[in-house]
Amino acid sequence: MKSEVVILSCESYEEELVYSTLKKGIALLGGWETFLKKEEKILLKPNLVRKTEVERAVITHPAVVKGIVRLLQEEGYVHLSCGDSCGVGSAKKVMEGTGMDQMLEDYGVTIVDFNEGSTVSYPQGHTAKEFFLAKPVQETDALINLCKMKTHALERVTGGVKNLYGCISGLHKAKGHTKYTNADIFARQLIDLNQLIKPRFCVMDGIVAMDGNGPTSGDPVKMKVLLLGNDPVAIDSVYCHLVHLDPQMVPTNVHGETMGLGTWREENIRLLTDGGEITMQEAVERFGNPDFNVDMLSSQHHMSRTSFFNKLKALTGYAPADYIRMIRLQHAAQLLKQGEYTIAEITDMVGFSDAKYFREVFKKYYGVSPSKYGESEKTGSYPAINLKNEK
């Protein structure tokens, strides 16, 4: 069965517009009753990483949180709370000045503190066998993930999957960054965390997103979209398509699928709008932004993403992502010729997130599998890369 993702245009944070757009999206997915029971305690988990002006696009916008609260209460869901484990301070402190704290109080939603928690065992985890979860996360029946569309220095993007890292209590988030030190292993523990918590529903605030140096120091950019669904990997993958980023370049997407959390593959995602089902290409054409700056290469060269794209393509004949992939594959071929490393080791050495994906891409461009390529030493003739596949 395909993962369903609703993608809807939303021009601004005008409260009634956000509310009506969210209402359409939830209806397209079958209504709240598809995901929640009336008697359940429901925890809303926005991105409240730090206190800042709401216009900076650092946190989930209060209008999105309010819209979800209204829609839940209108359908009789009354056991609501809201919180996050913030980088500095408490959720209430971060909310102050945005109007979110007063809004939640007006609607009778409890603002909960994530600073207290305890260790929860997760023996079936692939990478992480336990997590220090905030007390409200442990005590809730259902969690709704209200994430923000932003870039991320380590994982390239932060969205549905990454937002649940805020369920880890207080300083234990910082400890996790020192324990899981590279993008792949950090992504795998994020997948374990999502599978432990099992969020029921996800809304991505992409009305104004953040590009550049995310997740806290980037630039606001209007994307004018809301994404909804219950597969955070699929939602993150759609986000990648909209900003012209290969979903396979995001470790949480690749590991999210291989570990069974969701799917990043276009053919396994059903895109719904208020006008009917659309293809991913149609979504990119209608809602996409090719100037969205995910990669820091262009910033480091003091160029816009478009200028950098055009300059590199003029010099090399390749788009940046294709050029980087070609260099990685050629480096992999050199390592295979040396015969000193396993396929798994080479996968990591050249920057691919998944060995299976690396084998698929290598075979696509060299015509043989990596292992067969390594065996070419016996004949003294190595297959050449087919550069036509890069264009």
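Structure: above.
What comes next concerns the included structure. (Residues numbered from 1 in each chain as written. Predicted model: local features only at pLDDT ≥ 70, side-chain atom pairs only at ≥ 80, totals over all residues. Heavy atoms only, no water.)

1. Side note on the overall build of the protein
So, point 1. Secondary structure assignment for the protein yields 17 helices and 12 strands.
So, point 2. Against the 2.2 N^0.38 benchmark of 21 Å for 391 residues, the protein shows a C-alpha radius of gyration of 22 Å, consistent with a compact globule.
So, point 3. Along the first, second and third principal axes, the C-alpha atoms of the protein reach 75 × 45 × 40 Å.
So, point 4. Summed over its atoms, the accessible surface of the protein is roughly 17100 Å², and 49% of this surface lies on carbon and sulfur atoms.
So, point 5. The distance from the centre of the 45 positive side-chain charges to the centre of the 49 negative ones in the protein is 4 Å. (Helix = DSSP H or I, 4+ residues; strand = E, 2+ residues; numbered from the N terminus. Rg over C-alpha atoms; globule rule 2.2 N^0.38 Å. Areas by Shrake-Rupley, 256 points an atom, 1.4 Å probe, with all protein chains shown as cover. Lys, Arg positive; Asp, Glu negative; His and termini not counted. Charge placed at Lys NZ, Arg CZ, Asp CG, Glu CD.)

2. Side note on the pattern of salt bridges
So, point 1. All chains considered together, the criterion is met by 11 salt bridges.
So, point 2. In this structure, arginine 270 engages glutamate 4 in a salt bridge whose closest nitrogen and oxygen atoms are separated by 2.5 Å. With arginine 270 in strand S11 (residues 269-273) and glutamate 4 in strand S1 (residues 3-9), the pair connects residues that are 266 residues apart, well separated along the chain.
So, point 3. Glutamate 4 gets classed as partly exposed once you look at its relative accessible area, which sits at 27%.
So, point 4. With a closest N to O distance of 2.9 Å, arginine 70 and glutamate 16 form a salt bridge. Of this pair, arginine 70 sits in helix H2 (residues 62-74) while glutamate 16 sits in helix H1 (residues 15-28), placing them 54 residues apart in sequence.
So, point 5. Residue classification places arginine 70 among the buried residues on the basis of a relative accessible area of 15%.
So, point 6. Each member of the salt-bridge network shares a partner with another, and the members are Glu4, Arg270 and Glu277. (Salt bridge = Lys/Arg side-chain N within 4 Å of Asp/Glu carboxyl O. Buried < 20%, exposed > 50% of the residue type's maximum accessible area, 1.4 Å probe, protein only.)

3. Focus: the environment of glycine 218
So, point 1. With respect to the helices and strands, the residue glycine 218 is situated in the loop between strand S9 (201-211) and strand S10 (219-229).
So, point 2. Each C-alpha atom, one on glycine 218 and one on arginine 56, is 8.3 Å from the other, the two residues being 162 residues apart in sequence.
So, point 3. With sequence-adjacent residues up to four places away left out, glycine 218 is seen in contact with Arg56, Met210, Asp211, Gly212 and Asn213. (Contact = heavy atoms within 4.5 Å.)

4. Looking at the side chain of aspartate 101
So, point 1. Structurally, the position occupied by aspartate 101 is in helix H4 (residues 100-106).
So, point 2. Of the side chains with opposite charge, lysine 92 lies nearest to the buried aspartate 101, which makes no salt bridge, at 4.5 Å.
So, point 3. Non-local contacts of aspartate 101, meaning those with residues more than four positions away in its chain, are made with Lys92, Met95, Glu96 and Ile111.

5. Quick notes on helix H16 (residues 355-366)
So, point 1. Taking 1.5 Å per residue as the helical rise, H16 with its 12 residues ought to reach 16 Å, and the 16 Å between its terminal C-alpha atoms agrees with that figure.
So, point 2. Among the residues of H16, Tyr357, Phe358, Val361, Phe362, Tyr365 and Tyr366 are the ones counted as buried. In a view along the axis of H16, the buried residues occupy a sector of 140 degrees, so they form one face of it.
So, point 3. Where H16 ends, the next residue or the one after it, glycine 367, has phi of about 85 degrees, a positive value. (Expected span 1.5 Å × (residues − 1). Arc of directions from axis to C-beta.)

6. Some remarks on the packing of helix H9 (residues 232-242) against helix H10 (residues 251-258)
So, point 1. Two elements in contact, H9 and H10, have axes separated by 10 Å at closest approach and are oriented at 145 degrees. Crossing of H9 over H10 shows left-handed handedness. For the pair H9 and H10, contact is made by Val233, Asp236, Ser237 and Cys240 and by Thr252, Asn253 and Gly256, respectively.
So, point 2. Of the residues assigned to the contact of H9 with H10, the class counts are 2 nonpolar, 4 polar and 1 charged. (Axes fitted to C-alpha atoms, helices over the stretch in contact; angles between N-to-C directions. Left-handed = near helix turned anticlockwise from the far one by under 90°. Nonpolar A, V, L, I, M, F, W, Y, C, P; charged D, E, K, R; others polar.)

7. Re the packing of aromatic side chains
So, point 1. Considering all chains together, one arrives at 8 aromatic pairs under this definition.
So, point 2. Ring geometry for phenylalanine 358 against phenylalanine 362: centres 5.8 Å apart, planes inclined by 55 degrees, an arrangement best described as tilted. Taken together, the residues phenylalanine 358 and phenylalanine 362, both in helix H16 and 4 residues apart, mark about one turn of the helix.
So, point 3. Look at phenylalanine 362 and you get buried, because its relative accessible area is 0%.
So, point 4. Plain terms: the ring middles of tyrosine 366 and tyrosine 373 are 5.2 Å apart, the flat faces sit at 70 degrees to each other, and that makes the pair edge-to-face. With respect to burial, tyrosine 366 and tyrosine 373 carry one shared label: buried.
So, point 5. An aromatic cluster of three or more residues is present, and its members are Phe358, Phe362, Tyr366 and Tyr373. (Phe/Tyr/Trp six-rings, centres within 6.5 Å; stacked < 30°, edge-to-face > 60°.)

8. Structural notes on the side chain of glutamine 189
So, point 1. Looking at the element boundaries, glutamine 189 is found in helix H8 (residues 183-197).
So, point 2. In this structure glutamine 189 comes out as buried when scored by relative accessible area, which is 1%.
So, point 3. A distance of 3.3 Å separates the side chain of glutamine 189 from the backbone oxygen of phenylalanine 186, its partner in a polar contact.
So, point 4. Excluding anything up to four places from it in sequence, glutamine 189 contacts Thr127, Ala128, Phe131, Tyr165 and Tyr180. (Polar contact = N/O pair within 3.5 Å; in protein donor to acceptor, adjacent residues only side chain to side chain.)

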